[in-house]
Amino acid sequence: MGASEAAELRAAVRNFLSTASSSDRVRALMETVQGYDRDTWLRMASELGLHGIAVPEQWGGAGAGAAELGVVFEEMGAALLCSPFFSTVAMAAQALIAAGDRAAMSDYLPAIVDGGCTATLILNGRLDAWDPASVSLTAHRNGDAFSLSGEAGRVLDGHTADLILAAARTEAGISLFAVSADAHGLEREALAGLDRTRKIARIRFDDVSARLIGTDGDAAPGLARASDLAIVALTAEQVGAAQRCLDMAVAYAKERIQFGRAIGSFQAIKHRCADMLVLVEGARSAAMHAAEVADTDELSRAASVAKMVCSEALLQVALDNMRIHGGIGFTWEHDAHLYVRRAKASQLIFGSPDHHAQRLADLVTSSH
């Protein structure tokens, strides 16, 4: 995608979200159990084609990649969109594609692309960094059929997903399974999380019938790739949210008058805004690089670098935005705290910055 196409995509998404994910809409939706608006979800698929941007054309998608998807997630992060878009598009769809099971892709991807199906992915049930050793669900084989057992304590949009993809341990190793939302023995419970704009749930599997995706015992490499791609999408979200926090802080600094002048003219505020800009641009560079190398051997290293940089940048910029707003920034009525909550939650899921620093060191060491 060229610069002009990216700019057009960004403008279209931003214009759509200006009303579909306004502050009032975000606050209304985050108070609901479902956590998103079904009509908005369908319009995102039909009018903008967002669900299928990174899905191959043969299954109804646009056949683009992580860079194009990053533009979308950046705008969604800025608007704090309440939607299962991340769990469906950045996680589940990418896990299906990475698994390489053409029958499963044919059965599930078209419904994801047209908005008819929401989905989620369980890697280890705790939203931690991907590690095959941390897979806690187990799958038992009975002839050609499989059944899942165990509990996933934290699953993104787990209570509303129509399709649940889950990594589980079989006698052959780590495998990927698909479970329908109406499967017998499946229990789902919505949970209260720090980031109220992103819903999580607890899911229990009691001998639940499941469909094997790909080859039994051979899912780990595909899940590792799906995890890295989810991290890349998350970092794009973080960049968008950080940019919005910077914009909010600068706008307020220009209009807030103290001692007869705008607070933006005070050196301390100028320096803080400048520091915020440096953090945002550094994060943007890291996230863009990770998206650009998504189809190369550099993905894992670039994803960890971006997760470290973008997590720290968003948290710092969100806190500075709150501080620049002064007393009002700390109130429930102001949106600044929503970005702080998003910043802290997204810093911790899929591995903390400390985890990714260690992972990066291990990856660099192992390559030499």
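All values derive from a computational prediction rather than experimental measurement.

**Student:** Kindly report on the packing of helix H9 (residues 299-324) against helix H10 (residues 336-348), identifying the contributing residues and their values.
**Tutor:** Their axes nearest at 9 Å, the elements H9 and H10 cross at an angle of 160°. With respect to H10, the axis of H9 lies roughly antiparallel. Every pair of crossing elements has a handedness; the one defined by H9 and H10 is left-handed. On the side of H9, the interface is formed by Lys 307, Ser 311, Glu 312, Leu 314, Leu 315, Ala 318, Leu 319, Asn 321 and Met 322, while H10 contributes Ala 336, His 337, Tyr 339, Val 340, Ala 343, Lys 344, Ser 346, Gln 347 and Leu 348. The residue inventory of the contact of H9 with H10, partitioned by class, reads ten nonpolar, five polar and three charged.

**Student:** Explain the nonpolar core residue by residue, including any values.
**Tutor:** Proteins that are soluble and globular tend to have nonpolar side chains buried together. Judged by nonpolar contacts, the single largest core of 74 residues is most densely connected at Phe 86 and Phe 350. Sequence-distant contacts of Phe 350, that is, excluding residues within four places in its chain, are made with Phe 86, Met 91, Leu 127, Asp 128, Ala 129, Leu 156, Ala 230, Ile 231, Leu 234, Lys 307 and His 356.

**Student:** Got a sec to walk through unusual backbone geometry? Specific residues and values, please.
**Tutor:** The phi dihedral of Leu 80 falls on the positive side, at around 50°, and the residue is not glycine. Its relative accessible area of 2% is what places Leu 80 among the buried residues. Look at Leu 127: it is not a glycine, yet its phi comes out positive at around 60°. Here Leu 127 is to be found in the loop between strand S1 (119-122) and strand S2 (138-142).

**Student:** Residues and numbers for the pattern of salt bridges, please.
**Tutor:** In total, this model carries 25 salt bridges according to the counting rule given. The residue Arg 10 makes a salt bridge to Glu 74 at a minimum N-O spacing of 3.3 Å. Here Glu 74 lies in helix H4 (residues 66-79) and Arg 10 lies in helix H1 (residues 3-20), a separation of 64 residues in the sequence. What makes Arg 10 partly exposed here is its relative accessible area of 24%. Put simply, Glu 187 and Arg 204 hold a salt bridge, and the shortest N to O gap is 3.9 Å. Here the residue Glu 187 occupies a position in strand S6 (residues 186-191), and Arg 204 occupies one in strand S7 (residues 200-213), the gap between them amounting to 17 residues. A relative accessible area of 45% means that Glu 187 is categorised as partly exposed. Within the structure, one salt-bridge network assembled from shared partners comprises Arg 10, Arg 14, Glu 74, Glu 75, Glu 281 and Arg 284.

**Student:** Explain the packing of H1 against H4 to me, using residue names and the numbers behind them.
**Tutor:** Between H1 and H4, the shortest axis-to-axis distance is 9 Å and the interhelical angle comes to 30°. The angle between H1 and H4 places the two elements in the roughly parallel class. H1 and H4 meet at a crossing whose hand is right-handed. Within the contact between the two elements, H1 uses Ala 6, Leu 9, Arg 10, Val 13, Arg 14 and Leu 17 and H4 uses Glu 68, Val 71, Val 72, Glu 74, Glu 75, Met 76 and Ala 79.

**Student:** Describe the state of the cysteines, naming the residues involved and giving the relevant values.
**Tutor:** Under the defined criterion, the tally for this structure stands at zero disulfides. The thiol of Cys 82 is unpaired, and the distance to the nearest cysteine sulfur, on Cys 245, comes to 15 Å. For Cys 82, a relative accessible area of 5% puts it in the buried group.

**Student:** Talk me through the UniProt feature "domain: Acyl-CoA dehydrogenase/oxidase N-terminal" (unreviewed entry) in the protein; I want residue IDs and the actual numbers.
**Tutor:** In the UniProt entry, the feature "domain: Acyl-CoA dehydrogenase/oxidase N-terminal" (unreviewed entry) is given for residues 5-115. What you have in residues 5-115 is 67% helix and 0% strand, and the ends, taken at the C-alpha atoms, are 23 Å apart.

**Student:** Go over H10 with me, naming the residues and quoting the values.
**Tutor:** With 13 residues, H10 extends 19 Å between its outermost C-alpha atoms, agreeing within 8% with the 18 Å of an ideal straight helix rising 1.5 Å per residue. Where H10 is concerned, the buried positions are Ala 336, His 337, Leu 338, Tyr 339, Val 340, Arg 342, Ala 343, Ala 345, Ser 346 and Gln 347. Just past H10, the residue Phe 350 takes up positive phi, approximately 60°.

**Student:** Explain the side chain of Ser 346 to me, and be specific about the residues and the numbers.
**Tutor:** Residue position: Ser 346 is located in helix H10. Judged by its relative accessible area of 1%, Ser 346 is buried. Beyond its immediate chain neighbours, meaning those up to four positions away, Ser 346 contacts Leu 234, Gln 238, Lys 307, Ser 311 and Leu 314.

**Student:** Which residues make up the environment of Val 208, and what are the values?
**Tutor:** Along the polypeptide, Val 208 turns up in strand S7. It is 33 Å that separates the C-alpha atoms of Val 208 and Ala 66, two residues lying 142 residues apart in sequence. Beyond its immediate stretch of four places on either side in the chain, Val 208 contacts Phe 146, Ser 147, Leu 148, Val 179, Ala 183, His 184, Gly 185 and Leu 186.

Rules used throughout
Residues numbered from 1 in each chain as written. Predicted model: local features only at pLDDT ≥ 70, side-chain atom pairs only at ≥ 80, totals over all residues. Heavy atoms only, no water. Axes fitted to C-alpha atoms, helices over the stretch in contact; angles between N-to-C directions. Helix = DSSP H or I, 4+ residues; strand = E, 2+ residues; numbered from the N terminus. Parallel < 35°, antiparallel > 145°, perpendicular 65-115°, else oblique. Left-handed = near helix turned anticlockwise from the far one by under 90°. Contact = heavy atoms within 4.5 Å. Nonpolar A, V, L, I, M, F, W, Y, C, P; charged D, E, K, R; others polar. Core = buried A, V, L, I, M, F, W, Y, C linked by side-chain atoms within 4.5 Å. Buried < 20%, exposed > 50% of the residue type's maximum accessible area, 1.4 Å probe, protein only. Salt bridge = Lys/Arg side-chain N within 4 Å of Asp/Glu carboxyl O. Disulfide = S-S within 2.5 Å. UniProt positions renumbered as here; feature names shortened; annotations may be inferred. Expected span 1.5 Å × (residues − 1).

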